[in-house]
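# Fold and contact review
In case you want the letters, here they are:
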Amino acid sequence: MLDEGDDPRLPHRRVPNCPVPLAHLHELGVLTWKLDLEATSLLEQIRSERGYLYSEVLTLCRESTQDFDAKVQGFFKEHTHSQEEVRFILDGSGYWDIRDFDGKWIRFAVGKGDMIVLPAGMSHRFTLDAKNYIKASQSESRK
Ligand SMILES: CSCCC(=O)C(=O)O
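The name given to the chain in an unreviewed UniProt entry is Acireductone dioxygenase (Fe(2+)-requiring), and the organism recorded there is Selaginella moellendorffii.

## Here's the deal with helix α2 (residues 41-50)
For α2, the set of buried residues is Leu43, Ile46 and Arg47. Seen from one end, α2 has its buried residues packed into an arc of 95°, which puts them on one side. What points out from α2, more than 90 degrees from its buried face, is the exposed set Ser41, Ser48 and Glu49. Contact partners of the buried residues in α2: β1 (31-34), β2 (54-61), β3 (85-99), β5 (114-118) and β7 (133-140). Positive backbone phi, approximately 75°, marks Gly51, located one or two places after α2.

## Considering the layout of surface pockets
Put simply, the largest pocket is a space of about 870 Å³. Forming the boundary of the largest pocket are 32 residues, of which His12, Val20, Ile106, Arg107 and Phe108 lie nearest the centre. Residue contributions to the lining of the largest pocket peak at six residues, all from strand β4 (residues 105-111). The class makeup of the residues in the lining of the largest pocket is 19 nonpolar, four polar and nine charged. Considering only enclosed or pocket space, the second largest pocket measures out at about 210 Å³ in volume. Met1, Asp3, Glu4, Phe76 and Arg125 are the residues nearest the centre of the second largest pocket, which is lined by eleven residues in total. For the lining of the second largest pocket, the residue count by class is five nonpolar, no polar and six charged.

The rules we used
Along each chain, numbering runs from 1 in the same order as the chain's sequence is written. Totals for whole chains, interfaces and linings use all residues, but because this is a predicted model, local features are given only for residues with pLDDT of at least 70 and pairs of side-chain atoms are given and counted only at 80 or more. To get the side-chain values, all heavy atoms of the structure are used, and hydrogens and water are removed first. Each residue is placed in one exposure class: buried if its accessible area under a 1.4 Å probe, protein chains only, is under 20% of its type's maximum, exposed if it is over 50%, and partly exposed if it falls in between. The helix and strand labels rest on DSSP assignments: H or I over at least four residues marks a helix, E over at least two residues marks a strand, and numbering proceeds from the N terminus. As used here, the arc is the angular range of directions from the helix axis to the C-beta atoms. Note on contacts: a residue pair qualifies if any of its non-hydrogen atoms lie within 4.5 Å across the two residues. Using a 1 Å grid laid over the protein atoms alone, points where a 1.4 Å probe fits but cannot get out form a cavity; open sets with protein on both sides within 12 Å along at least 5 of 7 lines form a pocket; any residue with an atom within 4 Å of a point counts as lining. Grid points are joined across faces, edges and corners, and a volume is the space filled by probe spheres set on the points. Each residue is assigned to one class: nonpolar for Ala, Val, Leu, Ile, Met, Phe, Trp, Tyr, Cys and Pro, charged for Asp, Glu, Lys and Arg, and polar for all the others, Gly among them.

The following block contains the structure:
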């Protein structure tokens, strides 16, 4: 993003664009899968292998989410979690921004069927894209 006032929901590609290979996200410690929403066996396998015992669905949608703007703004403030951030996108889309090794932001897009794990302590922020809607299952290792 160029200025503080810029709309975070726009793609914000660098000029010239600077595509990041998926392998680079993996080097930074992000885990990614593309899952078939109908075939849940791989999801179950990942959950059982990584010990994700609990999950709940988070929906961000102006019409149905309480305090929509506050939640969206909160997610876009750079933050960390003491546990992994485990998200499986059931519908909709959005962007995660994470810091590259040199501290510059890297933006990656997620959509239906994407599952991501950010390691505990990884600095990040999240924004919806121009479609303004996401539904994601978030998992944790607690019951
Ligand atoms: C759609 S998941 C929202 C982002 C999030 O959970 C977070 O950054 O902590």
